[in-house]
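So the chains spell out like this:
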Amino acid sequence: MGKSIYDQFEHAAKAYPDSLAARFENKAWTFAELDREIDLAARRLLALGIKEGEVVAVAMPNCPEALFLFYAINKIGAISYNIHPLTPASLMKKHMEKSGSRLLICLANACYEHRLALPDEVKVVSVNPYVKVNPLKAFVLYRISKRTHGIVSYLGIKPVKESKCVHPDPNEDAVYLNTGGTNGEPKIVRLSSHSINNLALKGYALFGGKIDGIHMLTAIPLFHGFGLAMGIHTPLSWGASTVLVLKFNTKEAIRFIRKGQATVIIGVPALYNALLSRDRFYGKWLRKQIVAFIGGDSVPQSLLDQWNTAMSRFGSSARLFEGYGLTETVNVTNVNTYGREKRGTIGRPLPGIRQIIVDPESGNPLPLGTSGEICIGGDCLMNGYLNDPELTAKSFLAFDGRKYFRTRDYGYIDEDGYLTFRQRLRRVVKINGETVCPSDVEDVALGLFDVYEAYCFPIEDKRKGHVLCLALVEREGPKGKRKKEEVEEEVLLSIKKNLPPNHYPAKIVFLDSLPRTPVGKIDAAEFAKIEKNLDI
């Protein structure tokens, strides 16, 4: 294992210099070419005065420069702070202040607002990712980008003559990522080279297939740990390749799949639903698929079955497996895979990772088969939350002399070591004194053909404590959509047959689509607004 993240990439680059490493739109880079771009990016950072241990904020989607900079920042011993590119200027200012970063690199069309909000001592660097890739798109982005004094063009930075690879302590901070921002101000998670490298080394065993046939479709963004560690660093640590997608587009993704340029996929449920809904997705090209992984949100068994049925229908042995993890644990700790799969679970822990279930109130361990808070230990843990020692201390517990992260997720471990995720603890509710998981209601609804998406959420009730509301998105069948009344009646009947009485929803609402965050997760804040308008 490399001491730094860049060390691990460099080892693969030297072993596979002529192999395909990355693809963006119609342009591709070999490992040798990618390494040269990383070195050029490192020399540009040095020209800007960035030193070892400094924080470089990068607010960009999955584009070539985001990839170059991720490794370049690590190569010179700085810390890469990957931030959502649509972050408002006022919040970006808070991120920069909290992290102590004096350099922000972002898309050209976002620079103007950030430049106005940030103090003069903070450098703002503008990137147009389509330059040298797609001249028309480059011109369009250039025209819509407001220009003002104090913005530096990335391509205009004159690099220093050479860069030296720094080898800091692999256990020290290497990457900062935001987490927990859906319902409040995000926390900044501190990750080390050691933890990220460990996941990448375990990741290839999950794929199967020959290295040169693995082309990872990376639609999950680099500011998300799943996209950064599994979508980018895992394939590039082994000589496989990654396909960068600036913003997930179903048509573009299917084009990559049909050409055999995307043979491994990672994504959230919304991505797989989108692919399965298009006729052009289906065909003999699916035989080239190797494997797919899903996580980041509640995953209905019906979606896994639908994907796997499509693969079998067209002669592919590829399967869709559900995994589990958090930013604080470098995003993948448990996963089902070939030969280690149990239906209805999210898999066994990866090598080197430990799991226990504890009582959420006391923190005491619970026996196998008993639901409680999931706690994770091993070589995957974050270093802590930036500038928040109190929250960091509360987030860990010790058991048998070893450290565990308290996930605030609800589930249980069976006798074979498989983990079943039931619910985020913040979504577990009490109804008439009974613990109820809204996701159980979603699973039943999603088992019906006419339900495309479902989200169940609690609403406070004076008599029962809470009642449930179920939001549904209808599926378009061969003859169009059925009447909402008929779908509602079928859903309620199925819930009544399969779940205890307290799971019965007090209200069902139909939406055109479920509100989601930019990474595809359910947007709880938007559902809070919907809740205010409900008459129950």
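Attention here is on the structure that accompanies the text. Please read all numbers here as calculations on a predicted model, not as lab measurements. (Residues numbered from 1 in each chain as written. Predicted model: local features only at pLDDT ≥ 70, side-chain atom pairs only at ≥ 80, totals over all residues. Heavy atoms only, no water.)

Here's the deal with the overall build of the protein chain
Working step 1: Counting its regular elements, the protein chain contains 15 helices and 27 strands.
Working step 2: Compactness check: the protein chain gives a C-alpha radius of gyration of 23 Å against a globular reference of 24 Å for 536 residues, within 12% of the reference.
Working step 3: Expressed as lengths along the three principal axes of its C-alpha atoms, the size of the protein chain is roughly 70 × 55 × 45 Å.
Working step 4: When burial is assessed residue by residue, the protein chain has 57% of its 536 residues classed as buried. (Helix = DSSP H or I, 4+ residues; strand = E, 2+ residues; numbered from the N terminus. Rg over C-alpha atoms; globule rule 2.2 N^0.38 Å. Buried < 20%, exposed > 50% of the residue type's maximum accessible area, 1.4 Å probe, protein only.)

Details of the sheet that holds strand E9 (residues 187-192)
In a beta sheet, neighbouring strands pair by backbone hydrogen bonds and run either parallel or antiparallel.
Working step 1: Strand order in the open sheet made by the eight strands is E7-E6-E5-E3-E4-E8-E9-E19, with mixed pairing throughout. Strand pairing shows two members of the sheet lacking a second neighbour, strand E7 (151-153) and strand E19 (384-385), which therefore form its edges.
Working step 2: By the bridge criterion, two bridges tie E9 to E19 in an arrangement that is antiparallel. Opposite Val-189, over in E19, you have Tyr-385 as the bridge partner.
Working step 3: Docked against the sheet, helix H7 (residues 193-207) engages strand E8 (173-179) and E9, running at close to 70° with respect to E9. (Pairing = 2+ DSSP bridges. Contact = heavy atoms within 4.5 Å. Axes fitted to C-alpha atoms, helices over the stretch in contact; angles between N-to-C directions.)

Concerning unusual backbone geometry
Working step 1: One non-glycine residue, Asn-331, lies in positive phi territory at about 75°.
Working step 2: Along the chain, Asn-331 falls in the loop between strand E14 (320-324) and strand E15 (334-335).
Working step 3: By relative accessible area, which is 9% here, Asn-331 ends up buried.
Working step 4: Even without being glycine, Asn-387 reaches a positive phi, approximately 60°.
Working step 5: Mapped onto the elements of the fold, Asn-387 is located in the loop between E19 and helix H12 (389-394).

What about empty space enclosed by the protein?
Working step 1: Taken as a whole, this structure holds one cavity of 30 Å³ or more when the rule is applied.
Working step 2: Volume-wise, the largest cavity comes out at about 40 Å³.
Working step 3: If you trace the largest cavity, you find it lined by Ser-195, Asn-198, Leu-199, Lys-202, Thr-329, Val-330, Val-332, Ile-353, Asp-379 and Cys-380.
Working step 4: Counting residues per element, the lining of the largest cavity draws most heavily on H7, at four residues. (1 Å grid on protein atoms, 1.4 Å probe; cavity = no way out; pocket = protein on both sides within 12 Å on 5 of 7 lines; lining within 4 Å. Points joined across faces, edges and corners; volume = space filled by probe spheres on them.)

Here's the deal with the packing of helix H10 (residues 269-276) against helix H11 (residues 301-313)
Working step 1: For the pair H10 and H11, interaxial distance at closest approach is 11 Å and the crossing angle is 45°. As the angle between them shows, H10 and H11 are arranged oblique. When you trace H10 past H11, the crossing you get is left-handed. Contact residues: Pro-269, Tyr-272, Asn-273, Leu-275 and Leu-276 in H10; Leu-303, Gln-306, Trp-307 and Ala-310 in H11.
Working step 2: Looking at the contact of H10 with H11, its residues break down into seven nonpolar, two polar and no charged. (Parallel < 35°, antiparallel > 145°, perpendicular 65-115°, else oblique. Left-handed = near helix turned anticlockwise from the far one by under 90°. Nonpolar A, V, L, I, M, F, W, Y, C, P; charged D, E, K, R; others polar.)

Re the packing of aromatic side chains
Working step 1: Inspection of the entire model under this criterion finds 21 aromatic pairs.
Working step 2: Between Tyr-6 and Phe-9, the aromatic rings sit 6.1 Å apart at their centres with planes inclined by 40°, giving tilted as the arrangement. Of this pair, Tyr-6 and Phe-9 are both found in helix H1 (residues 5-15), three residues apart, which corresponds to roughly one turn of the helix. As far as the burial class goes, Tyr-6 and Phe-9 line up, both buried.
Working step 3: One cation-aromatic arrangement involves Arg-255 over Phe-256; the distance from NZ or CZ to the ring centre is 4.9 Å.
Working step 4: Over the ring of Tyr-404 we find Arg-354, and its NZ or CZ is 5.1 Å from the ring centre. (Phe/Tyr/Trp six-rings, centres within 6.5 Å; stacked < 30°, edge-to-face > 60°. Lys NZ or Arg CZ within 6 Å of the ring centre and 35° of its normal.)

Re the pattern of salt bridges
Working step 1: Counted according to the given criterion, the structure contains 21 salt bridges.
Working step 2: One network of salt bridges, in which partners are shared, links Asp-450, Arg-482, Glu-486 and Glu-490. (Salt bridge = Lys/Arg side-chain N within 4 Å of Asp/Glu carboxyl O.)

Overview of a nonpolar patch on the surface
Working step 1: The grouping of Leu-136, Phe-139, Val-140, Tyr-142 and Ile-144 at the surface amounts to a nonpolar patch, some 530 Å² of accessible area in total.
Working step 2: Within the secondary structure, Ile-144 sits in helix H6 (residues 135-144). (Patch = residues over 30% accessible without salt bridge, like charges linked within 9 Å, V, L, I, M, F, W, Y side chains within 5 Å. Areas by Shrake-Rupley, 256 points an atom, 1.4 Å probe, with all protein chains shown as cover.)

Some words on the nonpolar core
Working step 1: Formed by 91 residues in total, the largest nonpolar core has its most connected members in Leu-45, Tyr-71 and Phe-207.
Working step 2: Of all the elements, helix H3 (residues 64-75) adds the most residues to this core, at eight residues.
Working step 3: Setting aside residues no more than four positions away along its own chain, Leu-45 makes contact with Ile-50, Val-56, Leu-69, Ala-72, Ile-73, Ile-76, Leu-103 and Ile-105.
Working step 4: By size, the runner-up hydrophobic cluster in this structure holds 29 residues, among which are Phe-256, Ile-257, Leu-304 and Leu-320. (Core = buried A, V, L, I, M, F, W, Y, C linked by side-chain atoms within 4.5 Å.)

With respect to the side chain of Ser-126
Working step 1: Turning to its location among the elements, Ser-126 is positioned in strand E6 (residues 123-127).
Working step 2: Judged by relative accessible area, Ser-126 falls into the buried class, the value being 16%.
Working step 3: Setting aside residues up to four positions removed in sequence, Ser-126 forms contacts with Cys-106, Ala-108, Cys-111, Ile-151, Val-152, Ser-153 and Tyr-154.

A closer look at the packing of H1 against helix H8 (residues 225-238)
Working step 1: Following both chains from N to C, one finds H1 and H8 inclined at 40°, their axes separated by 7 Å at the closest point. In terms of orientation, H1 and H8 fall into the oblique class. Mapping the contact onto sequence places Ile-5, Gln-8, Phe-9 and Ala-12 in H1 and His-233, Leu-236, Ser-237 and Trp-238 in H8.
Working step 2: Considered class by class, the residues forming the contact of H1 with H8 number five nonpolar, three polar and no charged.

Brief notes about the pairing of strand E11 (residues 241-244)
Working step 1: Alternating positions in E11 separate into two faces, Ser-241 and Val-243 on one and Thr-242 and Leu-244 on the other, with burial throughout.
Working step 2: As paired strands, strand E1 (residues 20-24) and E11 are joined by three bridges and run parallel to one another. Looking across to E11, one finds that Ala-22 is bridged to Thr-242.
Working step 3: Two strands pair when backbone bridges link them, and strand E10 (residues 215-218) and E11 are joined in this way by four bridges, in the parallel orientation. Bridged to Leu-217 within E11 is Val-243.
Working step 4: Tracing the backbone out of E10, into H8 and back to the parallel element E11 gives a crossover that is right-handed. (Right-handed = clockwise from strand over helix to strand, strands pointing away.)

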